[in-house]
Amino acid sequence: MIKQIAIFGASGRTGRILTGLLLEKGYRVNALVRNPLKFSIEHPNLFVIKGNVNQKEAIEQAIERSEVVVSVLGHVKGSQPLFQTKAVDNIIEVMKARNIKRFVVLTGSGVKMPEDKWSLANSMLTFIIKSIAPARFNDGVEQCKRILATDLDYTIVRAPLLTMQKPKGVYKTGYLKLGFFSHISRYDVAGFICNVIENQIFIKDVPQISY
Ligand SMILES: NC(=O)c1ccc[n+]([C@@H]2O[C@H](COP(=O)([O-])OP(=O)(O)OC[C@H]3O[C@@H](n4cnc5c(N)ncnc54)[C@H](OP(=O)(O)O)[C@@H]3O)[C@@H](O)[C@H]2O)c1
């Protein structure tokens, strides 16, 4: 049974919810955060590591003794254009050195897979996002390419618009036909990530999640 999980992006909106959920479920959680003073979660099974994802030693500390690694990192004000890709490169390097195989990553539904069901509305939305935030978009695509090129047991969870609404507990996953207004609560995304970890499902897969 999995006992310890490393999480990158724990101080973010999805990250905080996911960290709380994992602790509630009895896991030990190592959270790498840049500013522990801004990270209000306290729990005997939570180990907070102060650092940045461009520091190899901080990543090593976070991954120490973990059986699963999760990234819910996202671009914030001032993020470098390829910060997620560089973070993922660093994380993958440390995982390989430690022989840790399970990697669960959250990204946007702008990342396309050949199995996706095409919809005009979603294509238009992707085009708009790509035009408004090209660096963020490209970073999402690039980080996934890096992960797909590994032999890790990855699950790349792709979400459309994330909201803070209450969880519904019911949602679709897999290769979906997304529309212009597709969305999903961060609470349900966190629940799905827990499920993916606990039940070892969607291994070497890139599912979307949406209502
Ligand atoms: N927003 C959407 O509608 C949407 C839709 C689909 C998918 N997504 C994807 O979902 C993921 C999570 O989104 P979110 O909105 O929940 O995230 P968020 O609230 O924006 O949080 C981003 C997290 O990344 C961390 N981070 C940024 N740069 C870092 C660095 N250099 N080193 C360490 N940590 C760093 C932030 O830390 P600090 O607290 O220190 O800043 C924060 O914990 C992202 O990958 C995003 O692309 C978002």
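Let me sum up the structure you'll find in this document. (Residues numbered from 1 in each chain as written. Predicted model: local features only at pLDDT ≥ 70, side-chain atom pairs only at ≥ 80, totals over all residues.)

## What about the packing of helix α1 (residues 13–24) against helix α6 (residues 186–198)?
- Where α1 meets α6, the axes come as close as 9 Å, and the angle between the chain directions of the two elements is 50°. Judged by the angle between their axes, α1 and α6 are oblique. You can see that α1 and α6 cross each other, and the crossing is right-handed. On α6, the residues touching Arg13, Thr14, Ile17, Leu18, Leu21 and Leu22 of α1 are Arg186, Tyr187, Val189, Ala190, Gly191, Ile193 and Cys194.
- Looking at the contact of α1 with α6, its residues break down into 9 nonpolar, 2 polar and 2 charged. (Axes fitted to C-alpha atoms, helices over the stretch in contact; angles between N-to-C directions. Helix = DSSP H or I, 4+ residues; strand = E, 2+ residues; numbered from the N terminus. Parallel < 35°, antiparallel > 145°, perpendicular 65-115°, else oblique. Left-handed = near helix turned anticlockwise from the far one by under 90°. Contact = placed C-beta atoms within 7 Å. Nonpolar A, V, L, I, M, F, W, Y, C, P; charged D, E, K, R; others polar.)

## Some details on the pairing of strand β5 (residues 102–108)
- Of all 7 residues in β5, 7 are buried; the element is thus mostly enclosed.
- Sheet topology places strand β4 (residues 68–71) next to β5; 4 bridges connect them, and they run parallel. Its bridge partner lying in β5, Val69 is registered against Phe103.
- Tracing the backbone out of β4, into helix α3 (residues 83–98) and back to the parallel element β5 gives a crossover that is right-handed.
- Here β5 pairs with strand β6 (residues 153–159) via 7 bridges, running parallel. From the neighbouring strand, Arg102 faces β6, where its bridge partner is Asp153. (Buried ≥ 20, exposed ≤ 12 C-beta atoms within 10 Å, placed from the backbone. Pairing = 2+ DSSP bridges. Right-handed = clockwise from strand over helix to strand, strands pointing away.)

## Details of the packing of α3 against helix α5 (residues 134–148)
- Running from amino to carboxyl end, α3 crosses α5 at an angle of 20°, the nearest separation of the two axes being 7 Å. The orientation of α3 relative to α5 falls into the category roughly parallel. Remark: the crossing between α3 and α5 carries right-handed chirality. Contact with α3, carried on its side by Phe83, Gln84, Thr85, Val88, Asp89 and Ile92, involves Asp139, Gly140, Glu142, Gln143, Arg146 and Ile147 of α5 and no other residues of that element.
- Looking at the contact of α3 with α5 residue by residue, the classes come out as 4 nonpolar, 4 polar and 4 charged.

## Examining the site of the ligand
- Residues in contact with the ligand amount to 24 residues; listed here are only the nearest, Ser11, Gly12, Arg13, Thr14 and Gly74.
- Taken together, the elements giving at least two residues each to the shell around the ligand come down to α1, β5 and β7 (161–163).
- Its residues assigned to classes, the shell around the ligand shows 9 nonpolar, 12 polar and 3 charged. (Near = placed C-beta within 6 Å.)

## Some details on the nonpolar core
- Counting residues in each nonpolar core, the largest one holds 52 residues, and the members touching the most others are Ile7, Val157 and Ile193.
- Ignoring anything within four residues of it in the chain, the contact list for Ile7 reads Gly15, Leu18, Thr19, Val29, Ala31, Val70 and Val72. (Core = buried A, V, L, I, M, F, W, Y, C linked by C-beta atoms within 7 Å.)

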